[in-house]
Amino acid sequence: MGEKVLARLFAMVSAAIAGSGMIIFLIPFLLIVAFVAFLAMILGPIFTLITGHSIDIPSDVDREADQQAESQIGPLGMTGTLQAYYQGAQQQYQVPWALVAAVHYKESGFGGKVTPNSDNKVGEQLNDNTHLSSFNLRRKIWVGSNYTPYKQQDVEYFPAKRISDAGGYGVDADQDSYADPKQTWDAVFTAARYMQVKGIALNQSDDQLRKHLIAYYKDNRDGTDLQAQEYAQDVLYYYHEIEKQASDANSYTIRPIDSGVVDVPGYGNGSDPVSDIPTDINPPENLSWPTPFTRTITSPFGYRVHPIKKTRRLHTGVDIAAPGIAGKPAAAVADGKVVFAGQMGGYGNTVVIDVGGGISVLYGHLQKILVSKGSTVRNGQTVGLIGSTGWSTGPHLHFEVRIRGTPVDPMPYLTGKVVFPGNEQTDKPSGETKPPAKSNLPPSSSAQKRRTEQITSVFENGTTEIQYDYVEYLNDGRGYTSGKAGFTTGTGDAYEVVRQYTNRVPDNPLARFLPELKRLISATAPDDISGLVGYEKAWKQAAKDPQFLAAQDAVTDQMYYNPALKHAERVGVTTALGKAIFYDSIIQHGEGDDPDGFPALIEKTSNKANGTPKSGVNEKEWVTMFLTVRQDVLSHAHNPDTRDEWSRSVGRVRSLMQIVKSGNFDLNGPFTFEWENKPYTIQ
C-alpha cells in the first residue's frame, strides 16, 4: 500500500513540477522520495515490533504468487487473479462472483476487448454518461451526481473520500485512497457494489437475476427494452458457463431431469443431457451388468413421455425390470467409491458410485441402500435392493452412466457380463449373454434417406425443401417449433440442437438461450416463451451457418432417424418406405412408453397382425395395418394436450398410404403424393 501511495505522490508532484517549468526542483524532490523509502525500509521492523502491524511492501514471494495467479487460466480464460477479485467481491457484497465475472466478460472480455479512458482528460472525454472502467459504468454512477472534479493539470483523479461525499459507488478496493476506474480490483468491487444496490444477491433464481440485470443495464445504457433483455440473457448464459467450468473436478452437481435439482458433493459438474462422449475421458473397461438375474430393459435412454408427469422429457438412464424384481440385488458394475447414498428427489433411494476415469454410475428407486457414502465397493458387490421409491410406477432399477455428472446412454459402456454379488463367479447367466446386436439391415441410401426426410418436411412445413430456418410458435403446448425436424423449446430437442451447435461454434446467436432452454426441459409450463425474446430471429440467423445445419442433422439422426431404424430391425421392417414411415411416426409420436407413443403403435399393430415381419407376417400388410393403427391413435389421442392438433393431422397417414398403395417400397424417385389437397413430387 505504501509503495502505491509513494508512486501516486511521485506522479502528481512530478506532473506539477514539469507543468510549472520548475525542473530545477525535481532533483531535490527525487532525493526526498528516496530518503522516505529508505526510512520505511529501516523503520518497518521497528514499526511492526511496536504496533503488531506490518508495512505492506510486497516480497519476492508475494510477487511470485501474483505471477502464478496471473498465469492460471480459469473459466472462459479468466486469470487466477481476476477470479480472486470476483470471489472477494462476493464476500464483500454478497453477489454471485460468477455473475460479476459474467458481466465483466460481457462488457469487455474481462478487460481485454476495450481500453478504458486511459488518461481521464477533464472536459474532453468525461461527462456524467461517460463509461468508466472495463465494466463500462457511467461516470455519474461511479463518482455521484454531485462530484466536483479533482484534477492535477488536465488529468482527473478519483479520491474515494470525495466520491463517498458525492454519493458515488466507486470503491477503493486496493486501499490506495483512490477509486480508480483503471484499477481492475477497484472496478470489480465497484461493479459488485452497484449490483448489490440493484437488488442482485446470492441464491436468486434466473428470473430474479434477469429482472435485476435489466435494471442494471438500463442505468448504464440508453438501449431499448429488447436490448436490455438480450443483455440479461447473454450475461446469464456466461454466468452459467463460468459456474460450470469453475466447478471442481471432484465436486459434481446432479440435476435429475425428472426430479428437480439436487446438489451432491463429489459427483459430476454438469447436467446437460447428452449422448456424445468427451475425447478426454478414459472410462474403465468392461463395466459389468448391474442386475445379475435379468437384462430386460423396459425403457431405454432417450426422450420419452414421463410416466407420471405426462410430459416429454429426457430419460437419463435405462430402466431394468422383470417379474419379481422387488427386493433383488443391484450390483456394482466396477470397483469404485460411493459418493452419494441417500434420498435424491424423484430418484428416491439412490446410490452414486465414482468408478474412475471421469465416469460415475447411479442406481435409482432402490428399496434399501446397503452401502454408505465414502465407502469403497468391489465389482459385483450388492449396493442396494431394487424397489420403487421416489417417482416410480413400479419396482425397477433406474441405472445411469454419467460423465462428470452429465448423463449419457449407458449401453456403450456395459459389456453384458454379469459379476454376481460377493464376486463368487464371473460367469454369465443363462439366457441372453451378449450385448444388443448392431443392426444387420442394409442401410438406406443417401437418396432414400433424403426422400424420407422430404416426406416428413412436407407434413411439417408444406415443402419438400428441408426447412432448417423454420421457426414458429404454434400454441400447441410445446413452445417454439423450429428446424428440419420440428424441434420444440418445450420438449428438449431444441435445447439439444443449440447445445451441440454451441459446442461447435461457441460464439453464436443462439448460445445465450441455453440456460432458458435447459430450464424449460423440466419446467411446469414448458410452453413458456417469455424468456426467449429474440429466439426466432436468432434461429433464422443461425440457419445461415453450415455448422448449425450440421447440428440439426446430428440431433435428428440421434433422436429420431437412428432410433427408427433400430425399431425397424427389431420387428423386421426392411424396406426404405417402411423405415420412412417409422421415421415420420417417431417424429410425431415420440419414443415414450405412453399409449400414444411410437412403441405402443408397434405393439398394437403386432397384436392385430398376430406377429411381425420378422416372425413371418408380410411386410406390406403389416405396414398397412400399422398406418391404420396410427390413424386411429391420431383420431383419438389419449393425451388431451395433443388431441385436437393430432386429430387434424390424420391426412398425414392417408398420404403415406398413397405411397404404400403405389408399391414404391424402395422409395425410387420421382414419386408424387397429396397432402392437404396439394400434390408434392419428390425427385
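The present account deals with the structure reproduced in this document. Note that the structure is a prediction, hence the values are computed from the model and not measured.

## Examining the sheet that holds strand E22 (residues 480-482)
Backbone-to-backbone hydrogen bonds join strands into a sheet, with any given pair of strands oriented parallel or antiparallel.
Reasoning step 1: With antiparallel pairing, the three strands of this open sheet are ordered in space as E21-E22-E23. Of all the strands in the sheet, just strand E21 (471-473) and strand E23 (487-488) have a single pairing partner and so form its edges.
Reasoning step 2: Strand direction decides the pairing type here: E21 and E22, joined by three bridges, are antiparallel. In the sheet register, Glu472 faces E22, and the bridge partner there is Thr481.

## Digging into the pattern of salt bridges
Reasoning step 1: Per the counting criterion, the structure on display carries 22 salt bridges.
Reasoning step 2: Close ionic contact of Asp234 with Lys106 constitutes a salt bridge, the shortest N to O distance being 2.8 Å. Highlighted residues: Asp234 in helix H10 (residues 225-246) and Lys106 in helix H5 (residues 97-108), separated in sequence by 128 residues.
Reasoning step 3: When its relative accessible area of 31% is taken as the criterion, Lys106 is described as partly exposed.
Reasoning step 4: Where salt bridges share partners, they join Asp207, Arg210, Glu516, Arg519 and Asp528 into one cluster.

## Description of the nonpolar core
Reasoning step 1: Residues Tyr535, Phe582, Trp622 and Phe673 are the most contacted members of the largest nonpolar core, which totals 120 residues.
Reasoning step 2: Counting residues in hydrophobic clusters, the runner-up holds 28 residues, among them Ile353, Val355, Ile359 and Val377.

## Some details on the pairing of strand E24 (residues 671-675)
In the case of a regular strand, side chains alternate between the two sheet surfaces.
Reasoning step 1: Side chains of E24 alternate between two faces, with Phe671, Phe673 and Trp675 buried and Thr672 and Glu674 left unburied.
Reasoning step 2: Pairing of E24 with strand E25 (residues 678-682), which is carried by five bridges, proceeds in the antiparallel orientation. If you follow Trp675 over to E25, its bridge partner there is Lys678.
Reasoning step 3: Taken together, E24 and the strand that follows it, E25, pair antiparallel across an intervening segment of two residues, in which Glu676 is found at a positive phi of about 55°.

## Things to note about the side chain of Thr489
Reasoning step 1: Within the secondary structure, Thr489 is located in the loop between E23 and helix H12 (493-504).
Reasoning step 2: A residue is classified by how much of its surface remains accessible, and Thr489, at 2% relative accessible area, is buried.
Reasoning step 3: Only 2.9 Å separates the side chain of Thr489 from the backbone nitrogen of Tyr480, close enough to count as a polar contact.

Criteria and thresholds
- Residues numbered from 1 in each chain as written.
- Predicted model: local features only at pLDDT ≥ 70, side-chain atom pairs only at ≥ 80, totals over all residues.
- Heavy atoms only, no water.
- Pairing = 2+ DSSP bridges.
- Helix = DSSP H or I, 4+ residues; strand = E, 2+ residues; numbered from the N terminus.
- Salt bridge = Lys/Arg side-chain N within 4 Å of Asp/Glu carboxyl O.
- Buried < 20%, exposed > 50% of the residue type's maximum accessible area, 1.4 Å probe, protein only.
- Core = buried A, V, L, I, M, F, W, Y, C linked by side-chain atoms within 4.5 Å.
- Polar contact = N/O pair within 3.5 Å; in protein donor to acceptor, adjacent residues only side chain to side chain.

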